[in-house]
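Observations on chain architecture
One letter stands for each residue in the lines below.
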Amino acid sequence: MKNTTQNVRLRNIAIIAHVDHGKTTLVDAMFKQTGLFREGQVVDDRLMDTMDLERERGITIAAKNCSVLWKDTKINIIDTPGHADFGGEVERALSMADGAILLVDASEGPLPQTRFVLKKTLEAGLKVIVVINKIDRKDARTNEVLNEIYDLFIDLDATEDQLDFPYLFAIGREGIAQKTIEEKGEDLHVLFDTIIKEIPGPLYDPAQPFQMLVADLGYSDYLGRLAIGRVFNGTVKYNDSLICINENGESLPLKVTKLQSYTGITLSDVDSVGPGDIVVLSGVEDVMIGDTICTRECPKALKRISVDEPTVAMKFTINTSPLAGLEGKNVQSRKIRERLYKETLLNVAITFQDSPDNDCFIVNGRGEFQMAILIETMRREGFEMCVGRPEVIFKYKDGKPLEPIEHLFIDCNENFLGIVTEKVSVRKGKMLNLVNHGTGRVRVEFSIPSRGLIGYRDEFLTDTKGSGIMNSYLMGYEEFRGEFPTRFTGSLVSDRSGNAVAYALFNLEPRGQLFVVPGDPVYEGMIVGEHNRENDIDVNPTKLKKLSNMRAAAKDDNIMLSPITPITLEKALHFIRDDEMVEVTPKSIRMRKTVLPGQKRHSLSMTKKKGLS
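Read on for an overview of the structure. Keep in mind that this is a model prediction, so the values were computed, not measured. (Residues numbered from 1 in each chain as written. Predicted model: local features only at pLDDT ≥ 70, side-chain atom pairs only at ≥ 80, totals over all residues. Heavy atoms only, no water.)

1. Here's the deal with the overall build of the protein chain
Counting secondary structure elements, the protein chain contains 15 helices and 37 strands. Over its C-alpha trace the protein chain gives a radius of gyration of 27 Å, about what one expects of a compact globule, namely 25 Å for 613 residues. With respect to the three principal axes, the spread of C-alpha positions in the protein chain is 95 × 60 × 60 Å. A burial count over the protein chain gives 54% of its 613 residues as buried. For the protein chain, long-range pairs separated by at least 24 residues make up 71% of all intrachain contacts whose partners lie at least 6 apart in sequence. (Helix = DSSP H or I, 4+ residues; strand = E, 2+ residues; numbered from the N terminus. Rg over C-alpha atoms; globule rule 2.2 N^0.38 Å. Buried < 20%, exposed > 50% of the residue type's maximum accessible area, 1.4 Å probe, protein only. Contact = heavy atoms within 4.5 Å.)

2. Some thoughts on the side chain of Arg389
With respect to the helices and strands, Arg389 occurs in the loop between strand 23 (385–387) and strand 24 (391–392). Despite being buried, Arg389 has no salt bridge partner; Asp578 is the closest side chain of opposite charge, sitting 4.2 Å away. A polar atom in the side chain of Arg389 sits 3.4 Å from the backbone oxygen of His574. (Lys, Arg positive; Asp, Glu negative; His and termini not counted. Salt bridge = Lys/Arg side-chain N within 4 Å of Asp/Glu carboxyl O. Polar contact = N/O pair within 3.5 Å; in protein donor to acceptor, adjacent residues only side chain to side chain.)

3. Considerations on helix 9 (residues 368–380)
When the terminal C-alpha atoms of helix 9 are compared, their 18 Å separation across 13 residues agrees well with the 18 Å that a helix rising 1.5 Å per residue should span. Across the 13 residues that make up helix 9, a large majority, 12, are buried. Within the sequence span of helix 9, burial applies to Glu368, Phe369, Gln370, Met371, Ala372, Ile373, Leu374, Ile375, Glu376, Thr377, Met378 and Arg379. Immediately beyond the C-terminal end of helix 9, within one or two residues, lies Gly382, with a positive phi of roughly 95°. (Expected span 1.5 Å × (residues − 1).)

4. Some words on helix 12 (residues 456–463)
Looking only at helix 12, the buried set comprises Tyr456, Phe460 and Asp463. Down the axis of helix 12, the sector holding all buried residues measures 65°, keeping them to one side. Contacts made by the buried residues of helix 12 are with strand 26 (400–413), helix 10 (417–426), helix 11 (450–453) and strand 29 (469–479). Looking at the residues trailing helix 12, positive phi occurs at Lys465, about 55°. (Arc of directions from axis to C-beta.)

5. With respect to the pairing of strand 30 (residues 490–494)
Within strand 30, 5 of the 5 residues are buried, which leaves it mostly tucked inside the rest of the structure. As paired strands, strand 30 and strand 34 (residues 526–531) are joined by 4 bridges and run antiparallel to one another. Paired with Ser491 across the two strands is Glu530, which belongs to strand 34. Sheet topology note: the strand 30/strand 35 (residues 537–539) ladder contains 3 bridges and is parallel. Residue Ser494 lies in a different strand from strand 35, and its bridge partner there is Val539. (Pairing = 2+ DSSP bridges.)

6. Re the environment of Tyr523
With respect to the helices, strands and loops of the structure, Tyr523 is situated in the loop between strand 33 (521–522) and strand 34. The buried category is assigned to Tyr523, whose relative accessible area is 0%. Along the primary structure Tyr523 and Asn499 are separated by 24 residues, whereas in three dimensions their C-alpha atoms are 8.4 Å apart. Those residues in contact with Tyr523, other than ones at most four positions away along the chain, are Ser321, Pro322, Leu323, Ser494, Arg496, Ser497, Glu583, Arg590, Arg592 and Leu596.

7. Side note on the pattern of salt bridges
Inspection of every chain in the model, using the stated rule, returns 34 salt bridges. One salt bridge in this structure joins Lys593 and Glu580, with 2.8 Å as the shortest N-O distance. A residue pair is termed long-range when its members are at least 10 positions apart, and Lys593 in strand 37 (residues 589–593) and Glu580 in strand 36 (residues 580–584) qualify at 13 residues. The exposure class of Lys593 is buried, given its relative accessible area of 1%.

8. Some thoughts on the pairing of strand 10 (residues 211–220)
By the criterion of burial, strand 10 is predominantly enclosed, with 9 of the 10 residues buried. With 9 bridges joining them, strand 10 and strand 11 (residues 224–233) adopt antiparallel strand pairing. Bridging from a neighbouring strand, Met212 pairs with Val231 of strand 11. The pairing of strand 10 with strand 19 (residues 292–295) spans 3 bridges and is antiparallel. Bridging from a neighbouring strand, Gln211 pairs with Cys294 of strand 19.

This is how it looks when you write it as structure tokens:
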């Protein structure tokens, strides 16, 4: 860019970190110490986690914007997710930033998702400030963690300028930052001063007309579609006539009906927005993430936001079970299609395609967790649907299949190392590194196919008695490593419709673990339990006890059933096999066979066996 000028009254920063390293808590403290709230005002924790799912799970799912004012300088803050499945949100957010704060836990150190978000930041050429958080933890190892961060920067091919990063120590929960471990910080003033000093103001060319890159979309019942993004050059004013350049290079006319800018966590109306600032603009309906909004006289598109390709595909269909339409209000394929299409507009990492069957859609995304969040969001909006097992997306080179490979990090008690290594090896995992610090816990690294991780997380937690920590990120694509069994157990499948009965369930308990309780509705083809053996069997969970007028001792004892853990969406997605589906409604999660009638299933099974023999 020629003749660039810096907007010194503005800073745009993204806050990046691994899951649960304290991003959102730190942002809360930044709000409180910049006078955003009046004295005595009651304020919720984790203000930036506005979605119900974010508050329930304690993670950030969507990147969100806010701003604070420090010494007459406006600091725009973008709170980003830490999970690799939501990497599209990170890439989208970084397009609006000039620098980043990398938050690292003083005990855990850089973890896989730290590596993922930092890699994206360094590729974007942003200046990084490292903050080692939670230094008050009893197991904090700040000096070791700082060395690990330097190693990570070197490993990610950081430039000399990027390696010379400033670093601070913090206790985000208490709103304290300090330059050294020894000094006792009182507030976050040193962090704000470091941001102003180290992060450059946005650069722009005063000779260029208005240009804005759309990085996010919103919707208002009153204003319609909202385009959110950073102004790269020029100034935009209320009522300006502009154009939107889409992916195909077409120019769509628009008139700015409203301009808004971030003040704290709220939006405030403004008459004009200058270069470098983040703006919310209304007046264009057919806008997409990555589009450029500019003047009609000088139409010039900015570089579009690029994101990593999806690695997982899932099939969404209408609910075809006998219980369809009883619990949800949105059951038609048209409504499901509209909702999935809307998701692709708001989330750059998700793509969607129709299949030859009008009632079936294929959704591609970054990982099974991202898919589970989408499904959970839809069911809370009143949707009913069936979804298939997550499947990895293969690439082909010279006729050979290539599959996505994950770098898997496992931290567990050394007593569980044997079972963990055995299970990962069965799933075609290869051990890369093993570290034993002598504390009773070990850190192991594997390379494993992405399909090997689908369904393994729950098994891993059971094997490590809930004490294991598992993280991974996408390494790249390698040659197909071969088939492996996804499940060593079969399914108990209901052979008729009705309601589950305690007497029948009591007699089924020796066959395996049940998923239904007395009174639950069941239907033919519905999975009511996990069989102890590899094969599926048809069972009757509605069978009643035969009554007689003869009495005998202990004949009418109360039936005591084993307690059942409710099936969650993630558990269901992990459990099902290729010929099974999860039925999702606003009130229930059920598992079922794709083909419900038992006779038809057996016929298909026999045909398949004959074809293989």
